[in-house]
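Structural overview
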Amino acid sequence: MSKYQVNQKGYYGPFGGAYIPEMLYPNVEELQQQYLSIIEDPSFKEEFEQLLRDYVGRPSPLYPAKRLSEKYGTNIFLKREDLNHTGAHKINNTIGQILLAEKLGKKRIIAETGAGQHGVATATVCALKGLECVVYMGEIDIQRQAPNVARMKMMGATVIAATSGSKTLKDATNEALRDWINNPVDTHYIIGSVVGPHPYPDMVARFQSIISEETRKQLLEKTGKATPDIVMACVGGGSNAAGMFYHFLDDEDVQIIAVEAAGHGVDSGESAATTQLGQEGVLHGSRSILMQTEDGQVIEPYSISAGLDYPGIGPQHAWLFKSGRGTYVSATDEEAMNAGLLLTKLEGIIPAIESSHALAHLEKMTFKGDETVVICLSGRGDKDLDNYMKYFGF
Ligand SMILES: *Cc1c(COP(=O)(O)O)cnc(C)c1O
């Protein structure tokens, strides 16, 4: 068993676990007891692989980015999660969880969403399977993200506004949990990243691990070696990064770099650079690192990219950070926006602003010239066009 993977009690080093209200015990315990036997079952694997292939469009290409490589003087490959159906890696997880929900006999799906990306990925798989879908979303986010609300509704989902607190993601999460407590028998709660109580972080990482599984095969074909020198990904909650790192964790000669969002700057008071600003604590059901005040109140994060605007990181990332296995860095809004524009001009690929954070770190690295670098391009930038337009004045 890898020392970087979850142990039998649901922990990564000191992080993880299931810190939940007593009323959620039955729901979470059912998952803990069943998730591994279900997702390792051959009939589950077969349907998961079939849908990833025929519906999502996997394997996603591993693209040797020639002009980007020339610019930085090394060999850069982009893992093209942006080419997946619905435009990002999130669908890998929602496909896995909808199949799990079916096997558990659940008829109703709930989810929380911030900017709406996870809500859309969940509504998509519910339409695919004909299951009832309820998405909780902060009232303010509903106003800000009208196109994603429309997408969810077109796919038959009910979008419920969370009207308490700051009326954003945190409050939507509370509403979803309340719903789950009230509907433990027929409902499955699809969490969108490697966060939440055990077994969610491990379960979501396993579904996203297809990213590094494919990358190993593709690298072997293209370079003659299955492992790169460096893998990089952006981190919000950390699911695309967890998937990108998964099958390289025990190859200690592969350097792992995770890029958080520094917003207006790590010390600006408006950022989401969790490992640099955070302390250990409990958030959304697991022990991890999170941004909090001295008396333990969660600090509102900020990033120009909605997907990285999260005050914590998943427990596996907290462990990779603390153990020193991973290098955790950050990129500001400005650095990310410039990196996104650079990729667009050099390669004709408009990245999601989240993914642009990973690209931005290239500017701060020095290369000998013969390295193999793999960057997870977690999503496409169509959803961010307004932001790019406003920022650059196009
Ligand atoms: C949601 C999202 C992220 C951040 O989520 P992780 O769980 O950290 O991967 C990153 N990139 C894109 C394109 C997203 O939609």
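Digging into the overall build of the protein chain
- Within the protein chain, the secondary structure is distributed over 16 helices and 14 strands.
- Here the C-alpha radius of gyration of the protein chain, 19 Å, is about what a compact globule of 394 residues would show, namely 21 Å.
- Projected onto the principal axes, the alpha-carbon positions of the protein chain cover approximately 55 × 45 × 40 Å.
- Across the 394 residues of the protein chain, 58% fall into the buried class.
- A separation threshold of at least 6 residues defines the contact pool for the protein chain, and within that pool the share at least 24 residues apart is 73%.
- Here the protein chain holds 36 positive side-chain charges and 49 negative ones, and the gap between their average locations is 3 Å.

As for the site of the ligand
- Neighbouring residues of the ligand: 16 residues in total, closest Lys90, Ser193, Gly238, Ser239 and Ser378.
- In this structure, an oxygen atom belonging to the ligand sits 2.6 Å away from a side-chain N or O atom of Lys90.
- Measuring from an oxygen atom of the ligand, one finds a side-chain N or O atom of Ser193 at 2.6 Å.
- Coverage of the ligand by the protein amounts to 97% of the 380 Å² it exposes when considered alone.
- Here the shell around the ligand is built from residues that sort into 4 nonpolar, 10 polar and 2 charged.

Thoughts on the domain arrangement of the protein chain
- Annotation of the protein chain at the domain level lists domain 1 (21-51 + 90-204) and domain 2 (57-88 + 209-392).
- The gap between the C-alpha centroids of domain 1 and domain 2 is 23 Å.
- Across the boundary between the two partners, domain 1 contributes 19 residues, which contact 23 residues of domain 2.
- Regarding the contact of domain 1 and domain 2, the summed buried area is about 1,600 Å², with carbon and sulfur atoms giving 60% of it.
- Counting residues per element, the ones that place at least two in the side of domain 1 that touches domain 2 are α4 (90-103), α5 (117-129), α8 (169-182) and α9 (200-208).
- Residues of the side of domain 1 that touches domain 2, tallied by class, amount to 8 nonpolar, 9 polar and 2 charged.

With respect to the packing of aromatic side chains
- Enumeration over the complete set of coordinates arrives at 9 aromatic pairs.
- Ring geometry for Phe392 versus Phe394: centroids 5.8 Å apart, planes at 35 degrees, classification tilted.
- Under the relative-accessibility criterion, Phe392 is labelled partly exposed at 23%.
- By relative accessible area, Phe394 is classed as exposed at 63%.
- Taken together, Phe44, Phe48 and Phe207 form an aromatic cluster joined through their ring pairs.
- Stacked on the ring of Tyr72, the Lys or Arg Lys71 has its end atom at 5.4 Å from the ring centre.
- Over the face of the ring belonging to Tyr4 we find Arg325, whose NZ or CZ atom lies 6.0 Å from the ring centre.

Examining the side chain of Thr124
- Looking at the element boundaries, Thr124 is found in helix α5.
- Under the relative-accessibility criterion, Thr124 is labelled buried at 2%.
- In contact with Thr124, not counting residues within four places along its chain, are Tyr55, His85, Thr86, Ile91 and Met155.

Points about the environment of Arg325
- Residue position: Arg325 is located in the loop between α13 (315-323) and β13 (326-332).
- Given the relative accessible area of 7%, Arg325 is considered buried.
- C-alpha of Arg325 to C-alpha of Gly381: the two residues are 56 residues apart in sequence and 30 Å apart in space.
- Aside from chain neighbours lying at most four places away, what touches Arg325 is Tyr4, Phe248, Leu249, Asp251, Glu252, Val254, Ile256 and Leu320.
- A distance of 2.9 Å separates the side chain of Arg325 from the backbone oxygen of Leu249, its partner in a polar contact.

Remarks on the nonpolar core
- Among the nonpolar cores identified, the biggest contains 77 residues, and Leu100, Met244 and Phe245 are the most heavily contacted of them.
- No other element matches the 6 residues that α4 contributes to this core.
- There are two domains that each give this core at least three residues, and those are domain 1 (21-51 + 90-204) and domain 2 (57-88 + 209-392).
- Setting aside anything within four residues of it in sequence, one finds Phe245 in contact with Ser212, Val231, Met232, Ala233, Ile256, Ile257, Ala258, His317 and Leu320.

Quick notes on the sheet that holds strand β8 (residues 187-190)
- With parallel pairing, 4 strands are arranged side by side in an open sheet as β7-β6-β5-β8. Of all the strands in the sheet, the pair left with one neighbour each is β7 (158-162) and β8. Ignoring which end each strand starts from, the neighbouring axes of this sheet average 25 degrees apart.
- Where strand β6 (residues 132-138) meets β7, 5 bridges bridge the pair, whose relative direction is parallel. Directly across from Met137, in β7, lies its bridge partner Ala161.

The rules behind these values
Residues numbered from 1 in each chain as written. Predicted model: local features only at pLDDT ≥ 70, side-chain atom pairs only at ≥ 80, totals over all residues. Heavy atoms only, no water. Helix = DSSP H or I, 4+ residues; strand = E, 2+ residues; numbered from the N terminus. Rg over C-alpha atoms; globule rule 2.2 N^0.38 Å. Buried < 20%, exposed > 50% of the residue type's maximum accessible area, 1.4 Å probe, protein only. Contact = heavy atoms within 4.5 Å. Lys, Arg positive; Asp, Glu negative; His and termini not counted. Charge placed at Lys NZ, Arg CZ, Asp CG, Glu CD. Near = heavy atom within 4 Å. Polar contact = N/O pair within 3.5 Å; in protein donor to acceptor, adjacent residues only side chain to side chain. Areas by Shrake-Rupley, 256 points an atom, 1.4 Å probe, with all protein chains shown as cover. Nonpolar A, V, L, I, M, F, W, Y, C, P; charged D, E, K, R; others polar. Domains from an automatic or database assignment. Buried area = accessible area lost by both parts, 1.4 Å probe. Phe/Tyr/Trp six-rings, centres within 6.5 Å; stacked < 30°, edge-to-face > 60°. Lys NZ or Arg CZ within 6 Å of the ring centre and 35° of its normal. Core = buried A, V, L, I, M, F, W, Y, C linked by side-chain atoms within 4.5 Å. Pairing = 2+ DSSP bridges. Axes fitted to C-alpha atoms, helices over the stretch in contact; angles between N-to-C directions.

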